[in-house]
Amino acid sequence: MRTLVRLIAGLGKLLAGLALAVLVFAAGTYFQVRGALPPYAGHYEVKGLKAPVEILRDKNAVPHIVAGSIEDAAFGLGFVHAQDRFWQMEMMRRLGQGRLSEILPPAIVGNGIVDTDRTMRGLGVYRAASDSVGALSPAVRSILDAYAAGVNSWLAGNQQFGLELTLVKLLSGGRYKPEPWQPADSMVWAKLMALTLDGNWRKELLRLRLDKKIGEDGTNFLLATSGESRDATLTLANQALNDLDLDRLYRRTDNIATRKREASNEWALSGAHSVSGKPLLANDPHLGLAFPGTWYLARLVGPGFDIRGATAPGSPGVVLGHNGTIGWGFTTTNLDSQDLFIERIDPTDPTRYLTPDGARPFSVRDETIGVLWGPPVHMRVRNTRHGVVIDDFVAKPERYSPTGHVLALQATALDGGDTTMEGLLRIGQAQNWNDFLNAARKVVSPMQNVVYADTQGNIGLVSPARVPIRRKGDGSIPSPGWTGEYDWAGFVPFDDLPRTYNPPGGIIVNANARVVPDDYRYFITRDWAEPYRQRRANQLLREVERHPVYGMIAIQADNLSPDAAELLPLLLKTEPRNGRAAKVRDMLGRWNRFMLARRPEPLIYEAWIWELQRSLLADRLGDELFYDLASTNVPLLVRILRDRPDWCDDPRTPARETCDDAIATALDKALNWISRREGNDIDTWQWGSEHLAAHRHPFFDNIPLLRDLASVRFPSDGGAHTLNRATPSYRGARPFEAVHGVTYRAVYDFSDLDNSRFAIPLGQSGNMMSRWSTSFLDNWKALRYVEIAGTRAELLRTAVGVISLSPTR
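(A) Highlighting the overall build of the protein. Per the secondary structure count, the protein includes 26 helices and 30 strands. Here the C-alpha atoms of the protein give a radius of gyration of 27 Å, agreeing with the 28 Å that 2.2 N^0.38 yields for 809 residues. Looking at the 809 residues of the protein, the share that counts as buried comes to 60%. Considering only contacts in the protein between residues 6 or more positions apart, those separated by 24 or more positions represent 72%. If you sum the accessible surface of the protein, you get close to 31,300 Å²; carbon and sulfur atoms cover 52% of it.

Here you go:
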């Protein structure tokens, strides 16, 4: 008994000690994070300014940066970005540099971070960004220099950067110190966006993996591709790469920068379709949800410019917005600008590879990745005339590359002469359609459908980029590199790129669907988005003769899921096999197809089609390949149920299952899954209970003590195919948690641009203890947008702070 008492007493002391440690950590965290909150008022003498700058943060903490030149305005933007989002900027540039392992120990965060660094070093992202700085005009280079000086001015006078970098410093034993910001660091942002938005090379790997698993016919059916001449190389590709571990290569190169997710909405209406008689332009880009968010609202004001909208921390200008005369928005085109080439190694000399002109030596560079708490990682990377050898990302080439062949990547995103940043900054200063087009000529990658409107009443759209012209094929799978047959022969001339200006109907809409007719001369992509959102936006815009500003907001928030009109009737044809299924059939038969968080029908529908897709595909593909396909594919399910019922049969069982069997079984599994989580009363189920918009903190989301403090989750309307896009992850224990969706909304009113409206989901600050980190959240959920407007006198009445910057004497 005495021993038991001592044991209990000792356990109590241990628990008390742990509780005290937790309290000390929590208190230290609180005061550290609070202590790192930047002052929004004060005077600073700084190096790098031409003249004084004033930064007025309005009632929403949106900075209005008043400067005497565009360079000084960029300086001010760098200063406020560093104040509010520096740790986000630091992670972004280190991702591009392939240097995350230097500050985040793999022993804690996992070896995947080394794989990420290997991939980014191998791709040479930062090398390409650095080289691209030299391709910019002196005027644009001066803007990047000024922005970097603004960031560095804040860093020089500040020693606390929030909890994230404080932990990094602790993990490094106090050695970590932010390096000065460089123009190349800003160029990295554009490179990373290009890699993910034009990302195609890993889909080529996926296609080869599928072909090995289910054959060419099955792959073409699954990916909805036609039997073009290009497919004749599938056999050759698989023979040449037979010894390459494609699964390993695909898995090791999967990271936030190479993972492709795309979606956005935009439309422009001429004055004939607006209440005011002047154009309206609406835009809402869809990207990965995170804390802090992708965008940061700002206004740059000075002689000859007044630019307002969404900026990206790390980048020196307004990416999406208006400048008092013109406005613009983006959706991604899904351009295929990344090709894998099968290079044949010279059988007489493994340091050389074959070309149409004979053997050439590989160019070789050595990379050393610093690893916190571990030995450095050394890698040797080879390059061919097409580009980098991606086999070298995963291990030593001689161990993992197939005998006689390697894979090389050619991508416009890795061009060292990339002038995309120049194009983006010049768009912000354009005053008319011709200025806008001249700026767009500078865009290399990613390809975006850039919608346009101006105060003169014009609307337009252009899709600028370097679009490869291939001598043969369409780049959908790896091609022989030694023959020259599949080489790029050049790029589509700018004047032949997709474009429209003042179309007769007065409405321009794009939601990532096809932007060119079937007979367009050049190949852009196979990967146009499903047309559901685009059709819905077109329908809503044409139902009303003249739209007000709030009408645009209502359309952006639309939650109808058009895909259900195609798939649901096929599901409901199956006779219910029990009382619960009959009740659900009746509910879904009366459902209006709106994906509302408070309703049970969206949850049942999504769980049903997810279980159905899993039952039809996972048995054929295996779990790893199945999950790599990522999301529910409604067009595929429709094609299976209508045209290929043989896919409903489970090849692992002796009995032959029909599509009715598959549909009924999937419904039972879906309802059982929901019941385990939400209870047995179907009427109380809610889509929003499982469909939370998950703005995850990249460091702390998996730490119970910090998850609720650092990450932001809330029940969300919408789904994968609604205009109010909120796409589930379809993975893990919470498969319907939304991880990709709307990250910015704006409506620009060209009858009065001060009446334009802006919204981001969370807030301006990346410091989780700041009141401004989630200050927009309630407005976002209630569809209350903010204005970015006002004279200096008006702003001063409600400003939360004023900072004055002056040049060092």
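(B) Highlighting the sheet that holds strand S6 (residues 296-302). Ordered in space as S1-S30-S2-S3-S6-S7-S8-S9-S17-S18-S22, the eleven strands form an open sheet in which the pairing is mixed. Sheet topology places strand S1 (42-46) and strand S22 (499-501) at the edges, where each strand pairs with a single neighbour. Sheet twist, expressed as the average angle between the axes of neighbouring strands with direction ignored, equals 25°.

(C) Spotlight on the nonpolar core. In terms of nonpolar packing, the biggest core is built from 229 residues, with Trp-189, Trp-295, Ile-390, Phe-436, Ile-604 and Tyr-744 touching the most fellow members. Counting residues per element, this core draws most heavily on helix H2 (residues 70-97), at 14 residues. Setting aside chain neighbours within four positions, we find Trp-295 in contact with Arg-85, Trp-189, Pro-285, Leu-287, Ala-310, Thr-311, Ala-312, Val-319, Leu-320, Thr-743, Tyr-744 and Ile-760. Membership of the second largest hydrophobic core comes to five residues, among which are Ile-345, Phe-362, Val-389 and Val-406.

(D) Region of the structure containing the side chain of His-740. With respect to the element layout, His-740 can be found in strand S27 (residues 738-742). A polar contact is formed between the side chain of His-740 and the backbone oxygen of His-286, at a distance of 3.5 Å. Ignoring any residue separated from it by four or fewer positions in sequence, one finds His-740 in contact with Arg-261, Glu-262, Ala-263, His-286, Leu-287, Gly-288, Leu-289, Arg-725, Ala-726 and Thr-727.

(E) Geometry of helix H16 (residues 549-556). Within H16, six of the eight residues are buried, which leaves the element mostly enclosed by the surrounding structure. Where H16 is buried, its residues contact strand S4 (263-269), strand S5 (280-288), helix H15 (532-543), strand S28 (745-749) and strand S29 (757-759).

(F) Up close: a nonpolar patch on the surface. A cluster of nonpolar residues, Ile-108, Val-109 and Trp-373, forms a patch on the protein surface that exposes about 330 Å² of accessible area. On the secondary structure map, Ile-108 appears in helix H3 (residues 106-109). Residue Ile-108 is classed as exposed on the basis of its relative accessible area of 54%.

(G) The arrangement of unusual backbone geometry in detail. The amide bond that connects Phe-291 to the next residue, Pro-292, takes the cis arrangement and shows omega of -10°. Looking at the element boundaries, Pro-292 is found in the loop between S5 and S6. With an omega of 5°, the peptide bond between Ser-445 and Pro-446 qualifies as cis. Relative to the helices and strands, Pro-446 is located in the loop between helix H14 (433-440) and strand S17 (448-454).

(H) The state of the cysteines, seen in detail. Per the stated rule, a full pass over the model turns up one disulfide. A sulfur-sulfur distance of 2.0 Å marks the disulfide that ties Cys-648 to Cys-659. On the sign convention where negative means left-handed, the S-S torsion of about 85° between Cys-648 and Cys-659 marks this disulfide as right-handed. Linking Cys-648 in the loop between helix H21 (634-643) and helix H22 (659-678) with Cys-659 in helix H22, this pair joins segments that are eleven residues apart in sequence.

(I) Looking closely at the packing of aromatic side chains. Under the defined criterion, the tally for this structure stands at 23 aromatic pairs. Relative to Phe-699, the ring of Trp-87 lies with its centre 5.6 Å away and its plane at 50°, an arrangement referred to as tilted. Here the residue Trp-87 occupies a position in helix H2, and Phe-699 occupies one in the loop between strand S24 (692-695) and helix H24 (704-710), the gap between them amounting to 612 residues. Using a relative accessible area of 5% as the deciding quantity, one classes Trp-87 as buried. When the centroid spacing of 5.0 Å and the interplanar angle of 35° are considered together, the rings of Tyr-353 and Phe-362 count as tilted. Judged on exposure class, the residue Tyr-353 and its partner Phe-362 are both buried. Between Arg-466 and the ring centre of Phe-491, over which it is positioned, the NZ or CZ distance is 6.0 Å. For Arg-745, the ring lying beneath its charged end belongs to Trp-780, and the centroid distance is 4.5 Å.

(J) Region of interest: the packing of helix H5 (residues 125-133) against helix H8 (residues 183-197). Orientation of H5 relative to H8, taken along the N-to-C sense of each, is 120°, at an axis distance of 8 Å. Comparing their axes, H8 and H5 come out oblique. In terms of crossing hand, the pair formed by H5 and H8 is right-handed. Facing H5, whose interface residues are Val-125, Tyr-126, Ala-128, Ala-129, Ser-130, Ser-132 and Val-133, H8 presents Pro-183, Ala-184, Asp-185, Met-187, Val-188, Lys-191, Leu-192 and Leu-195. Of the residues assigned to the contact of H5 with H8, the class counts are eleven nonpolar, two polar and two charged.

(K) Region of interest: the pattern of salt bridges. In total, this model carries 56 salt bridges according to the counting rule given. Residue Glu-179 pairs with Arg-99 through a salt bridge whose shortest N-O separation is 2.7 Å. Taken together, the positions of Glu-179 in the loop between helix H7 (163-171) and H8 and Arg-99 in the loop between H2 and H3 put the pair 80 residues apart, joining distant regions of the chain. Put simply, Arg-121 and Glu-367 hold a salt bridge, and the shortest N to O gap is 3.2 Å. Of the two residues, Arg-121 is situated in helix H4 (residues 112-123) and Glu-367 in strand S13 (residues 363-369); the sequence distance between them amounts to 246 residues. This pair shows no difference in class: Arg-121 is buried, exactly as Glu-367 is. Through salt bridges with shared partners, a single ionic network connects Glu-90, Arg-93, Arg-94, Arg-99, Glu-102, Glu-179 and Asp-185.

(L) Seen up close, the environment of Arg-731. In this fold, Arg-731 is placed in the loop between strand S26 (726-728) and S27. Note on Arg-731: relative accessible area 39%, which makes it partly exposed. Residue contacts for Arg-731: discarding those within four places in its chain leaves Tyr-627 and Asp-628.

(M) Fine view of helix H9 (residues 201-222). The terminal C-alpha atoms of H9, which comprises 22 residues, lie only 18 Å apart, well short of the 32 Å expected from a rise of 1.5 Å per residue. Positioned one or two residues after H9, Ala-224 has a phi angle of 55°, which is positive.

(N) Seen up close, the side chain of Asp-474. By secondary structure assignment, the location of Asp-474 is in the loop between strand S19 (468-470) and strand S20 (479-480). In terms of polar contacts, Asp-474 uses its side chain to reach the side chain of Ser-476, at 3.0 Å. One polar contact links Asp-474 to Arg-526, side chain to side chain, over a distance of 2.8 Å.

(O) Structural context of the environment of Val-516. With respect to the helices and strands, the residue Val-516 is situated in the loop between strand S23 (507-510) and H15. Residue Val-516 is classed as buried on the basis of its relative accessible area of 9%. If near-sequence neighbours (up to four positions away) are discounted, Val-516 is found in contact with Pro-498, Ile-524 and Trp-528.

(P) How the structure looks around the packing of helix H17 (residues 563-572) against helix H19 (residues 601-621). Where H17 meets H19, the axes come as close as 12 Å, and the angle between the chain directions of the two elements is 70°. With respect to each other, H17 and H19 are oriented roughly perpendicular. Two secondary-structure elements touch here, H17 through Asp-563, Ala-564, Leu-567, Leu-568, Leu-571 and Leu-572 and H19 through Tyr-605, Trp-608, Ile-609 and Leu-612.

(Q) Seen up close, the environment of Thr-294. Structurally, Thr-294 can be placed in the loop between S5 and S6. Between the C-alpha atom of Thr-294 and that of Ile-508, which follows or precedes it by 214 residues, the distance is 26 Å. Each residue touching Thr-294, except ones within four places of it in the same chain, is listed here: Gln-88, Leu-287, Gly-288, Thr-311, Ala-312, Pro-313 and Thr-743.

Parameters and conventions
Residues numbered from 1 in each chain as written. Predicted model: local features only at pLDDT ≥ 70, side-chain atom pairs only at ≥ 80, totals over all residues. Heavy atoms only, no water. Helix = DSSP H or I, 4+ residues; strand = E, 2+ residues; numbered from the N terminus. Rg over C-alpha atoms; globule rule 2.2 N^0.38 Å. Buried < 20%, exposed > 50% of the residue type's maximum accessible area, 1.4 Å probe, protein only. Contact = heavy atoms within 4.5 Å. Areas by Shrake-Rupley, 256 points an atom, 1.4 Å probe, with all protein chains shown as cover. Pairing = 2+ DSSP bridges. Axes fitted to C-alpha atoms, helices over the stretch in contact; angles between N-to-C directions. Core = buried A, V, L, I, M, F, W, Y, C linked by side-chain atoms within 4.5 Å. Polar contact = N/O pair within 3.5 Å; in protein donor to acceptor, adjacent residues only side chain to side chain. Patch = residues over 30% accessible without salt bridge, like charges linked within 9 Å, V, L, I, M, F, W, Y side chains within 5 Å. Salt bridge = Lys/Arg side-chain N within 4 Å of Asp/Glu carboxyl O. Disulfide = S-S within 2.5 Å. Phe/Tyr/Trp six-rings, centres within 6.5 Å; stacked < 30°, edge-to-face > 60°. Lys NZ or Arg CZ within 6 Å of the ring centre and 35° of its normal. Parallel < 35°, antiparallel > 145°, perpendicular 65-115°, else oblique. Left-handed = near helix turned anticlockwise from the far one by under 90°. Nonpolar A, V, L, I, M, F, W, Y, C, P; charged D, E, K, R; others polar. Expected span 1.5 Å × (residues − 1).

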